[in-house]
Amino acid sequence: MLFFVKVRIDVDQLDDLGRQLGDGTLDHSALRSTYCHRYDPEVGLNIWEADDVTDFRRRFAPHRTFYRDLVEVTPVITPAEAMAALRESRSTGLG
């Protein structure tokens, strides 16, 4: 499963976050992409990959300490999966 996650970084924790990411003590293997808002760089936009919601929560938990706010967590799908779902809903008359 993929999850879109929007957070607000705790800037007081920024050095520790960088250190743990750099030395490998903070696992970031579930992160697929990370961007920050151009006009508010404290806002991070991430795509996470996990087996399910429970796995996501487990993998995300060590990162939570570095965020002042967890703004949004939304399950997302790839464009190919969206296309297939749209075609299916159209063929069944549900869309």
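Everything below is about the structure shown above.
In this text the structure is predicted, and so the values were computed from the model without any measurement.

S.K.: Could you clarify how one ought to interpret the environment of Q13 in this entry?
M.R.: Among the structural elements, Q13 can be located in the loop between β1 (2-9) and α1 (14-23). Judged by relative accessible area, Q13 falls into the partly exposed class, the value being 26%. Sequence spacing of Q13 and Y67 is 54 residues, and the spatial spacing of their C-alpha atoms is 8.1 Å. Here Q13 is in contact with T65 and F66, once residues within four sequence places are set aside.

S.K.: Hey, could you run me through the pattern of salt bridges in this one?
M.R.: Pairing is possible between side chains of opposite charge, provided their charged atoms come close. On inspection of all chains with the given rule, the structure shows eight salt bridges. A salt bridge links E42 to R8, with the nearest nitrogen and oxygen atoms 3.3 Å apart. On the criterion of sequence distance, the pair formed by E42 in strand β3 (residues 40-49) and R8 in strand β1 is long-range, its members being 34 residues apart. Relative accessible area serves as the criterion here: at 24%, E42 is assigned to the partly exposed category. A salt bridge links D55 to R59; its shortest N-O distance comes to 3.9 Å. Of this pair, D55 and R59 both sit in helix α2 (residues 53-64), separated by four residues, roughly a single helical turn. Exposure remark for D55: the relative accessible area of 8% places this residue in the buried category. Taken together, the shared-partner salt bridges in this structure form one network comprising R8, D40, E42 and R68.

S.K.: Explain the pairing of β1 here, please?
M.R.: For a regular strand, side-chain orientation follows a simple rule: the groups alternate between the two sheet faces. The alternating pattern of β1 places F3, V5, V7 and I9 on a buried face and L2, F4, K6 and R8 on a face that is not buried. Pairing analysis gives seven bridges linking β1 to β3, with the strands arranged antiparallel. Residue pairing in the sheet places F4 in a bridge with I47 of β3. Alignment of β1 against strand β4 (residues 67-76), held across eight bridges, turns out to be antiparallel. Bridging across to β4, F4 finds its partner in T74.

S.K.: Would you explain the nonpolar core in this entry?
M.R.: As a rule of thumb, soluble globular proteins bury nonpolar side chains together. Counting 13 residues, the largest nonpolar core has F3, V5, W48, F56, F60 and Y67 as the members making the most contacts within it. Within the residue set of this core, elements represented by two or more residues are β1 and α2. Those residues in contact with Y67, other than ones at most four positions away along the chain, are V7, R8, I9, D10 and F60.

Each value, and the rule that gives it
- Residues numbered from 1 in each chain as written.
- Predicted model: local features only at pLDDT ≥ 70, side-chain atom pairs only at ≥ 80, totals over all residues.
- Heavy atoms only, no water.
- Helix = DSSP H or I, 4+ residues; strand = E, 2+ residues; numbered from the N terminus.
- Buried < 20%, exposed > 50% of the residue type's maximum accessible area, 1.4 Å probe, protein only.
- Contact = heavy atoms within 4.5 Å.
- Salt bridge = Lys/Arg side-chain N within 4 Å of Asp/Glu carboxyl O.
- Pairing = 2+ DSSP bridges.
- Core = buried A, V, L, I, M, F, W, Y, C linked by side-chain atoms within 4.5 Å.

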